[in-house]
Amino acid sequence: MPIINQPFQGQLGDILITELGSNYETLTIFSAFAKNSGVLRLKESFEKFNNCGGTINAFIGIDLEGTSYEALLNLFYLCSELYVIHSENFSTTYHSKIYLLENSNQAWCAIGSNNLTGGGLWTNFESCSIQTYNLQDEINELKPIYSIIDKYKNPSYLCSSKISSINDIDTLLNANYISKEVTQKINNISKQLSHKARQKQNPLFGTEKISIPTVISVQKPNKTFTKPKEPNIDYIIKPTPAFTNEQFWFEMRKSTGGSRNILDLSKLGQIESGSVVGTPYEYPDPKRMYGGIKFFDIDPEDTSRKKDITINYLGKDYYPSTIVFAPNNGSWRIQLTGAPNDNSDELSKYGNRGDFVYKILIFEKINTNYYVLSLLEENELDKIKSLSRVWARNGSGSSSKAYGML
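Residues numbered from 1 in each chain as written. Predicted model: local features only at pLDDT ≥ 70, side-chain atom pairs only at ≥ 80, totals over all residues. Heavy atoms only, no water.

Here we take up the overall build of the chain. Across its full length, the chain carries eleven helices and 19 strands. Taking all 406 residues of the chain together, 50% fall into the buried category. Within the chain, contacts between residues separated by at least 24 positions form 70% of all contacts whose residues are at least 6 apart in sequence. Carbon and sulfur atoms make up 48% of the accessible area of the chain, which amounts to about 19700 Å² in all. (Helix = DSSP H or I, 4+ residues; strand = E, 2+ residues; numbered from the N terminus. Buried < 20%, exposed > 50% of the residue type's maximum accessible area, 1.4 Å probe, protein only. Contact = heavy atoms within 4.5 Å. Areas by Shrake-Rupley, 256 points an atom, 1.4 Å probe, with all protein chains shown as cover.)

Listed below in structure tokens is the structure:
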């Protein structure tokens, strides 16, 4: 029974990705928390598993703002069955973390402290035990898990609710059982700043530098997959290079173009608050910083460059959204377009109906070609400025659009 003390003896996210490529047919997940940071890093492996005939079922908690609206949306499209677990008794929290893979002959099970988040699967100090079972002889050992699955699936059990449509997730959001990731991010930054202000100036502990992988690739629509051969398992996983998700926000205002889905990106900006020293956005003039185009990993002066990216919005991947330089007005821009995998509305439809105008657009970089888009109301602008590591304006005037880094 291997014991994994993450990150020193492996990272459960990497181990799970390896196991998903083996000959298993079902994956059952119990997790107190779910965030896009975990779900999207497993998304490609989940999709391959599904396309090879696999089935994914998940039982996710919604306590303590540990699960986000966007994570449930993505899980809804990835899972055959998705349930949320919650007790109205404030002294009771759903706190399970189990990952169970099965086929007709064998099961693989990880039980420990790892939530379905980037931290839980990669960067946090976590511990779990991993066991494989020969189902011909050892199926009784898994009966407690089968029993709790039956309980959570029972419609008469009032602490469990099956997610049958996006409307069910919207109901949870509107009733404040869950919140959007950008709201959680802002609340967490506020708490961290408050906590830091109360701490002593001299730290009493060191810092552990822990890695988290980017999404290696994003599948475009209508890809087919071939299931790989079962690999040899090595539970000691070498860390990938250190990585932290970047989040930039942009003030949209009226939007450029009649389609109302074009966001202007600057080459340079005038810093209003904060600092970019030591970041890729540092500019020789300390009062200025590189603009939003740099966030998308494009040289601001390479005006011949054109880049297509995938945007995950409301649980769906849209491709391509195109970043180009517009010579007529001398500025970079991103066209929020692209089709999802399920032949539903393209991303540009949201612009046409006015969803993006007079909003704050927040992009989280999962990798250089894959970004998560969230929206904030324009009246949150002062708050997001106050919580940003740095914010700047596209021009020197006080009326220029603002953008910043969380």
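Below, the discussion takes up the packing of aromatic side chains. Centre-to-centre distance and the angle between the planes together describe a pair of aromatic rings. Enumeration according to the criterion identifies 24 aromatic pairs in this entry. Judged by centre distance (4.8 Å) and plane angle (50 degrees), the rings of phenylalanine 248 and tyrosine 281 are tilted. On the criterion of sequence distance, the pair formed by phenylalanine 248 in strand E9 (residues 246–251) and tyrosine 281 in the loop between strand E11 (268–274) and strand E12 (288–290) is long-range, its members being 33 residues apart. Taking the relative accessible area as the measure of exposure, phenylalanine 248 reaches 0% and is therefore buried. By relative accessible area, tyrosine 281 is classed as buried at 1%. (Phe/Tyr/Trp six-rings, centres within 6.5 Å; stacked < 30°, edge-to-face > 60°.)

Bringing the side chain of serine 348 into the picture now. Secondary-structure assignment places serine 348 in helix H10 (residues 348–352). Judged by its relative accessible area of 15%, serine 348 falls in the buried class. Excluding residues that lie within four positions of it along the chain, serine 348 makes contacts with Asn261, Leu336 and Thr337.

As a further point, take the sheet that holds strand E4 (residues 81–85). Within a sheet, each strand pairs with its neighbour through backbone hydrogen bonds, oriented either parallel or antiparallel. With mixed pairing, the eight strands of this open sheet are ordered in space as E1-E7-E6-E5-E2-E3-E4-E8. Each end of this open sheet is capped by a strand with a single partner; those strands are strand E1 (3–6) and strand E8 (160–162). Direction aside, the axes of adjacent strands within the sheet are offset by 15 degrees on average. Here helix H2 (residues 36–51) sits on the sheet and contacts strand E2 (26–31), strand E3 (55–61) and strand E5 (97–102); the angle it forms with E3, its principal contact strand, is near 140 degrees. Along the sheet, helix H6 (residues 143–153) makes contact with E2, E3, E4, E5, strand E6 (106–112) and E8, crossing E2 at roughly 75 degrees. (Pairing = 2+ DSSP bridges. Axes fitted to C-alpha atoms, helices over the stretch in contact; angles between N-to-C directions.)

At a closest axis distance of 10 Å, the pairing of helix H1 (residues 12–20) and H2 adopts a crossing angle of 15 degrees. Between H1 and H2, the angle falls in the class roughly parallel. Between H1 and H2 the crossing geometry is left-handed. Contacts from Gly13, Leu16, Ile17 and Leu20 in H1 reach Arg41, Leu42, Ser45, Phe46 and Phe49 in H2. (Parallel < 35°, antiparallel > 145°, perpendicular 65-115°, else oblique. Left-handed = near helix turned anticlockwise from the far one by under 90°.)

Our next topic: the pattern of salt bridges. Inspection of the entire model under this criterion finds 13 salt bridges. For lysine 43, the salt bridge goes to aspartate 317, with nearest N and O atoms at 2.7 Å. With a gap of 274 residues between them, lysine 43 in helix H2 and aspartate 317 in strand E14 (residues 316–326) connect regions that are remote in the sequence. On the basis of relative accessibility, which here comes to 8%, the residue lysine 43 falls in the buried class. Assessed through its relative accessible area of 9%, aspartate 317 is described here as buried. As a salt-bridge pair, glutamate 44 and lysine 48 come within 3.7 Å of each other at their nearest N and O atoms. With a gap of four residues between them, glutamate 44 and lysine 48 both fall in helix H2, about one helical turn apart. Assessed through its relative accessible area of 16%, glutamate 44 is described here as buried. Lysine 48 sits in the partly exposed class, given a relative accessible area of 36%. If you follow the salt bridges from partner to partner, you end up with Glu81, Lys153 and Lys162 in one network. (Salt bridge = Lys/Arg side-chain N within 4 Å of Asp/Glu carboxyl O.)

So, on to the environment of serine 156. Tracing the chain through its elements places serine 156 in the loop between H6 and E8. Among the residues examined, serine 156 registers a relative accessible area of 56% and is labelled exposed.

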